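# Geometric and topological summary
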Amino acid sequence: MQTHRSRIRRTVPMMKSRPDPFHLHELTPARSARLIVLAFLLALLTGTGLLMLPPATAAPGGTDLLTAAFTATSALCVTGLVTVDTATYWTPFGQVVIVCLIQVGGLGVMTFTTMLGILLARKFGLSTRLLANAETKSRGGARQVVARIVLTTLVIECTAAAVLFLRFLLHYHYPPGLALAHGVFHAVSAFNNAGFALYSLNVVDFAADPVVLLTLSAAVILGGLGYPVLNELRRHLTLPRRWSMNTRLVLLATPVLLLGGTLFLALLEWNNPATLGPQAPAVKVLNAFFQSTISRTAGFNSIDISQMHPVSWLGMDILMFIGGGPAGTAGGLKVTTFGVLFFIALTEIKGGAAVPVLGKQLSRSVQREAITVVVLATGAVIGGSMLIMLTDTSLGLDRVLYEAVSAFSTVGLSTGITATIAPFAQCVLIVLMVMGRLGPVTVAASIAFGRRPPAYELPKERPLIG
């Protein structure tokens, strides 16, 4: 027994003394939130300042502060909402600034959220750390994890860029330099779920081109799965039994939402003369799938969003609000959040106690986190919609709600009112984009690191529900 205890005493200090070049063990809820916000604001101020320089715009004299700040925020939050035409308003220098902001925004979120999992694994006791390591599937030190994220990003972006480059060069006969620039820009924009395009009509001109649309869709889907899922598939692609609950939820919800959204949009827009109506049946299905993919949460459009049926807008609101997978480049509240809520509701309907999710039992703390995120996000979208409608009551709730959900979920799709709304309403969209990008991460950090066991418990009581 003494030998066993001595081994435990020797093992624990050794684990605590492991090198931590990122000083993750020193992070507190307040400090972690401040670091995220300060880093984001620094990048935002830098991007805004660069876009305000005269060489960034085609017109002489540079742009105004609101336009530069809105574009920089949209790029850094990998949203895609714009108040000016990216193709004609900005010079190649300005477009380079935009794509760099997109890369920083997408890669930064992936890096931080994955590092958050490592931090969780090192904060608690040995058993909790082992469970967290198993769930996040993180191996090696912090530097190794970040390096794998960067490598994954570059491999996917370079592959998509190569396909687009060859398509632009061989099929559309772009000059090599232009084909390369457009291929890289749209590959980065797609993988980071940004939705910026170097065409005045976004990608409407490629509505009948399956190579371009499917390449963009593939990059969007891979970026939206999240790094933990990509890493786990790389290691255990043929061993589903070893997949974590996170991976199972993402891989179950993603095809359901993709196919469900495709069917929904195809049925509603099939005979719409302003969207899918004039297209051939195969092209209709292609564009319905593309817009279903993009609604979670990239911002490209191959059809005129402003001419879609209001019911289609409402369905896309739901897809945008749900978003993609966690710890990736997609926005929204994440498919895992809604998956958790679905299984909670299913358990309550069945009259169960514990919540089973795909062969595992769901932690009660995760249930509270999911409900908290949904309540806060719903409040932000409703509040933002109200503020926008106060500036112009003629816009209509359906268009304003679409704009607010798109901004908060960092999607970038619009019914065409972004550039026409009042400056105050554009500032509201800026706030929603920042909240949508930073909110879920900072809230998760606060919940995870700020939880303290209560010193006492209040008497329990059940109010009437429903």
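The structure we're discussing is the one just above.
Everything quoted here is computed from the prediction, not taken from an experiment.

### Looking at the overall build of the protein chain
When you go through the protein chain residue by residue, the secondary structure sums to 17 helices and two strands. Counting the 466 residues in the protein chain, one finds 50% classified as buried. Relative to all contacts within the protein chain whose residues are 6 or more apart in sequence, the contacts with residues 24 or more apart total 71%. Accessible surface, the protein chain as shown: approximately 22,300 Å² in total, 70% of it carbon and sulfur.

### Some points on helix α8 (residues 176-191)
Between its first and last C-alpha, α8 extends 22 Å over 16 residues, near the 22 Å set by a 1.5 Å rise per residue. Inspection of α8 places Ala-179, His-182, Gly-183, Phe-185, His-186, Ala-187, Val-188, Ser-189, Ala-190 and Phe-191 among the buried residues, and these make up the whole buried set. Looking one or two residues past α8, Asn-193 carries a phi angle of roughly 55°, positive in sign.

### A few points about the packing of helix α13 (residues 310-322) against helix α16 (residues 397-408)
Where α13 meets α16, the closest approach of the two axes is 9 Å, and the angle between their N-to-C directions is 20°. The angle between α13 and α16 places the two elements in the roughly parallel class. Here α13 and α16 pass one another in a crossing that is left-handed. Every residue of α16 that contacts α13 at Pro-310, Trp-313, Met-316, Asp-317, Met-320 and Phe-321 is listed here: Asp-398, Arg-399, Leu-401, Tyr-402, Val-405 and Ser-406. Residues belonging to the contact of α13 with α16 are distributed by class as follows: eight nonpolar, one polar and three charged.

### Here's the deal with the nonpolar core
Counting 96 residues, the largest nonpolar core has Ile-98, Ile-102, Phe-168, Leu-216, Phe-300, Leu-413 and Leu-432 as its most contacted members. Looking at this core element by element, the count peaks at seven residues for helix α17 (residues 423-450). Discounting chain neighbours no more than four positions away, the residues touching Ile-98 are Leu-51, Thr-71, Ala-75, Thr-86, Trp-90, Phe-185 and Phe-196.

### Notes on the environment of Gly-325
Note that Gly-325 resides in the loop between α13 and α14 (335-350). The class of Gly-325 is buried, set by a relative accessible area of 1%. With sequence-adjacent residues up to four places away left out, Gly-325 is seen in contact with Gly-224, Leu-225, Val-250, Lys-334 and Val-335.

### Notes on the packing of aromatic side chains
Counted under the stated rule, the structure contains ten aromatic pairs. Relative to Phe-343, the ring of Phe-342 has its centre 5.4 Å away and its plane inclined at 80°; by these criteria the two rings are edge-to-face. Overall, the relative accessible area of 51% leaves Phe-342 in the exposed class. Overall, the relative accessible area of 13% leaves Phe-343 in the buried class. Within the aromatic cluster, the residues linked to one another by ring pairs are Phe-168, Tyr-172, Tyr-174, Tyr-199 and Phe-206.

Calculation rules
- Residues numbered from 1 in each chain as written.
- Predicted model: local features only at pLDDT ≥ 70, side-chain atom pairs only at ≥ 80, totals over all residues.
- Heavy atoms only, no water.
- Helix = DSSP H or I, 4+ residues; strand = E, 2+ residues; numbered from the N terminus.
- Buried < 20%, exposed > 50% of the residue type's maximum accessible area, 1.4 Å probe, protein only.
- Contact = heavy atoms within 4.5 Å.
- Areas by Shrake-Rupley, 256 points an atom, 1.4 Å probe, with all protein chains shown as cover.
- Expected span 1.5 Å × (residues − 1).
- Axes fitted to C-alpha atoms, helices over the stretch in contact; angles between N-to-C directions.
- Parallel < 35°, antiparallel > 145°, perpendicular 65-115°, else oblique.
- Left-handed = near helix turned anticlockwise from the far one by under 90°.
- Nonpolar A, V, L, I, M, F, W, Y, C, P; charged D, E, K, R; others polar.
- Core = buried A, V, L, I, M, F, W, Y, C linked by side-chain atoms within 4.5 Å.
- Phe/Tyr/Trp six-rings, centres within 6.5 Å; stacked < 30°, edge-to-face > 60°.

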